[in-house]
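These are the residues of each chain, in order.
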Amino acid sequence: MSADARVNNEPGFVLHTYPFKETSVVAEVFTRDHGRVALIARGARRPTSTLRGLMQPFTPLLLSWFGKSELRTLHAAEWQGGLLAPQGRALMCGFYLNELLLRLLARGDAHETLYDRYVATLEQLAGEAGRSDYERATYLERILRRFEKNLLSEIGYGATFDVDADSGAPVQAQVRYVFQPERGALQASGQPGCPVSGQTLIDLATDRFERPATLVEAKALMRTLINHTLGAKPLYTRQLLRELTELTQ
Amino acid sequence: MQPAALENLITALRVLPGVGPKSAARMAYHLLQRDRRGAEALAGALNHALTHLHHCRLCNNFSEAEVCEVCASPNRDKRQLAVVEMPADFNMMEATQSYGGLYFVLMGRLSPLDGMGPREIHLDRLISRALDGVVEEVVLATNFTPEGEATAHTIGELLKARGLKVSRLARGVPVGGELEYVDSGTLAQAVRDRRTV
Ligand SMILES: [Zn+2]
């Protein structure tokens, strides 16, 4: 076995697991230096397995594995400590982040910056407790929009928000635009695209999400860009939140 | 080339979780050669279960009657309703002999990334069950995994909004647990969930 086939104590998180054979699981993990990796955790579904409680999403781990095939073999996982799992509504947001990473990251591409952003985002999600319902909702929305923007630019779908794609001039705050995933911001004159105000585009470019109208428009715009990148298959977490909203009414 | 009947049996056995072609073949040979009686009993039991078992109208657990024994029992506290993920969890709760209320078995959990949503775990049925006018407290006894927590949170929000008292199983250091040997994740949660004494 060559040296690069063995990885030791790599920081990472489980994004999702699924059962494999009688007692094992396959864990899709997101690691700092190796990106997304699929690991077989042998025996992880046995009642006495120490891996059982560890191979869960939102748990900071140090992972060691070997192998070169598409499916590597996990040989050790250790709880890294320091991070508490998000709860309640923030936990749902966490599942959304994981689904985005699963769907948008190719296996084996390292994304150190995005990984650090993911850890920071989980910390922010876990720190939402003690806010009022309204404050919590907007707090969570801001966290998600920042993450979506970072994710898209990290995987090469980064958009330029504050430049008029027709004229090359800076976007103006008071003007209405439509945003087309393939082209960018265009002054609105009846063409298709996601309608958005100049102010929101400027806020997006400068990472400012304090204005309520910006949050609303940024959500729609990010959704358009993510759907464009994902293709036809919808996100499960979005569908689940929609079904839950129906039950609430 | 094997006889079609044998092929069919092997294929049929592969519906069991974790059973691949080799294990299925081994099982088939065992049943046919070593234990034909057992095979007959298995076929009979499977048939019987398929025709006689369905979900209890009240708790959604498996039952032969329309309403299961637990739900029909006069000795149960009908003001408490515990929500568990699977029949195995129901059995564990019963084994503790510490809970005298009724149950609702979800037969799963919310698992966004597996496409398990509110419909798949019968949340509409749970809501109408909990709102029968008799239930006062709903005890959320789903697992302490992220999926179980998401399930508990969701059900809790839906039922609190409808005026029910909702509680969640406590968690922490196991009975007889020595801190030195408790896993760090459990200990960290126990610190977060500490209570005033
Ligand atoms: Zn019942």
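Predicted model, so just to flag it, every value in this text is computed and none were measured.

Caption draft 1: Representation of the overall build of chain A in the model. Counting its regular elements, chain A contains seven helices and eight strands. Projecting the C-alpha coordinates of chain A onto the three principal axes gives extents of approximately 60 × 45 × 30 Å. Expressed as a percentage of its 249 residues, the buried residues of chain A come to 47%. Long-range contacts, defined here as pairs at least 24 residues apart, represent 54% of the contacts in chain A between residues at least 6 apart.

Caption draft 2: Structural context of the domain arrangement of chain A. All names here are of chain A. Taken domain by domain, chain A holds domain 1 (7-79) and domain 2 (88-248). Using only C-alpha atoms to locate each centre, domain 1 and domain 2 end up separated by 29 Å. Listed by partner, the interface residues are 18 residues for domain 1 and 20 residues for domain 2. In this assembly, domain 1 packs against domain 2 so that about 1700 Å² is buried in total across both faces, 65% of it on carbon and sulfur atoms. The largest share of the area that domain 1 buries against domain 2 comes from F30, R36 and F58, three residues that together contribute 43% of it. Our count for the domain 1 to domain 2 interface comes out at three salt bridges. If you look at where domain 1 meets domain 2, you find eight residue pairs in polar contact (both at pLDDT 80 or more). Among the elements of the structure, β1 (6-20), β2 (24-31) and β3 (35-41) are those that each provide at least two residues to the side of domain 1 that touches domain 2. With six residues, β1 is the largest single contributor of residues to the side of domain 1 that touches domain 2. Among the residues making up the side of domain 1 that touches domain 2, the classes are represented as eight nonpolar, five polar and five charged.

Caption draft 3: Structural detail: the interface of chain B and chain A. Of the residues lining the interface, 28 residues belong to chain B; the matching set on chain A comes to 26 residues. For the pairing of chain B and chain A, the buried interface totals around 2300 Å² over both sides, and the portion due to carbon and sulfur atoms is 69%. On the chain B side of the contact with chain A, B:P112, B:L113 and B:R192 bury the most area, a combined 29% of that side's loss. Counting the contacts that link chain B with chain A gives one salt bridge. One salt bridge in this structure joins B:R119 and A:E243, with 3.6 Å as the shortest N-O distance. Counting across the interface, chain B meets chain A through four residue pairs in polar contact (both at pLDDT 80 or more). Elements that contribute at least two residues to the side of chain B that touches chain A include exactly α6 (123-130), α7 (146-160) and α8 (184-192) of chain B. The element that contributes the greatest number of residues to the side of chain B that touches chain A is α7(B), accounting for seven residues. Class assignment for the residues of the side of chain B that touches chain A results in eleven nonpolar, ten polar and seven charged.

Caption draft 4: Layout of the coordination of the zinc ion. Residue and element names in this part refer to chain B. The protein atoms that coordinate the zinc ion are C56 (SG), C59 (SG), C68 (SG) and C71 (SG), at distances of 2.3 Å. One way to put it: the four donor atoms around the zinc ion meet at angles of 105 to 117°, and that makes the site tetrahedral. Between consecutive donors of the zinc ion, the numbers of intervening residues give the motif C-x2-C-x8-C-x2-C. Of the residues examined, C59 reaches a relative accessible area of 3% and is grouped as buried.

Caption draft 5: Seen up close, helix α5 (residues 87-95) of chain B. Residue and element names in this part refer to chain B. Of all the residues in α5, the buried ones are P87, F90 and M93. For α5, the buried positions fall inside an angular range of 115° around the axis, keeping them on one side. Facing away from the buried side of α5 by over 90 degrees, the exposed positions are M92 and A95. Elements in contact with the buried residues of α5: β2 (62-63), α4 (69-72), β3 (77-84) and β4 (101-105).

Caption draft 6: The arrangement of a positive patch on the surface in detail. On the surface, a cluster of positive charge is made up of A:K21, A:R42, B:K22 and B:R26. Topologically, A:K21 is positioned in the loop between β1 and β2.

Caption draft 7: Seen up close, the confidence of the model for chain B. Mean pLDDT over chain B stands at 93; residues scoring 70 or higher make up 100%. Among the scores for the predicted complex, ipTM is 0.88 and pTM is 0.89.

Caption draft 8: Spatial organisation of unusual backbone geometry. A positive phi angle, near 70°, is found at A:F58, a position not held by glycine. Within the secondary structure layout, A:F58 lies in the loop between α1 (51-54) and β4 (61-66). Phi angles above zero are rare outside glycine, and B:N60 is one such case at about 75°. Inspection of the secondary structure assignment puts B:N60 in the loop between β1 (54-55) and β2.

Caption draft 9: Seen up close, the sheet that holds strand β8 (residues 194-197) of chain A. Residues and elements named next belong to chain A. Strand order in the open sheet made by the three strands is β7-β6-β8, with antiparallel pairing throughout. In the strand order of this sheet, the two ends are held by β7 (184-187) and β8, each with one partner. Going across the sheet, the axis of each strand differs from the next one's by a mean of 40°, ignoring polarity. As judged from the four bridges shared by strand β6 (residues 176-180) and β8, these two strands associate in the antiparallel manner. What sits directly across from Y177, in β8, is V196. The strands touched by helix α5 (residues 198-205) are β6, β7 and β8; relative to β8, the strand with the most contacts, the crossing angle is about 85°. Set on the sheet, helix α6 (residues 212-230) makes contact with β6 and β8; between it and β8 the angle comes to about 145°.

Caption draft 10: Spatial organisation of the side chain of A:T237. Take A:T237: it is sitting in helix α7 (residues 236-248). With relative accessibility at 3%, the residue A:T237 sits in the buried group. Dropping the residues within four chain positions of it, A:T237 is found in contact with A:F95, A:Y96, A:E99, B:P112 and B:L113.

How each quantity is defined
Residues numbered from 1 in each chain as written. Chains lettered and ligands numbered in written order. Predicted model: local features only at pLDDT ≥ 70, side-chain atom pairs only at ≥ 80, totals over all residues. Heavy atoms only, no water. Helix = DSSP H or I, 4+ residues; strand = E, 2+ residues; numbered from the N terminus. Buried < 20%, exposed > 50% of the residue type's maximum accessible area, 1.4 Å probe, protein only. Contact = heavy atoms within 4.5 Å. Domains from an automatic or database assignment. Buried area = accessible area lost by both parts, 1.4 Å probe. Salt bridge = Lys/Arg side-chain N within 4 Å of Asp/Glu carboxyl O. Polar contact = N/O pair within 3.5 Å; in protein donor to acceptor, adjacent residues only side chain to side chain. Nonpolar A, V, L, I, M, F, W, Y, C, P; charged D, E, K, R; others polar. Donors = N, O, S within 2.8 Å, 3.2 Å for Na, K, Ca; no water. Tetrahedral: all angles 85-135°; square planar, octahedral: opposite > 155°, others 65-115°. Arc of directions from axis to C-beta. Patch = residues over 30% accessible without salt bridge, like charges linked within 9 Å, V, L, I, M, F, W, Y side chains within 5 Å. Areas by Shrake-Rupley, 256 points an atom, 1.4 Å probe, with all protein chains shown as cover. Lys, Arg positive; Asp, Glu negative; His and termini not counted. Charge placed at Lys NZ, Arg CZ, Asp CG, Glu CD. pLDDT = per-residue confidence, 0-100. Pairing = 2+ DSSP bridges. Axes fitted to C-alpha atoms, helices over the stretch in contact; angles between N-to-C directions.

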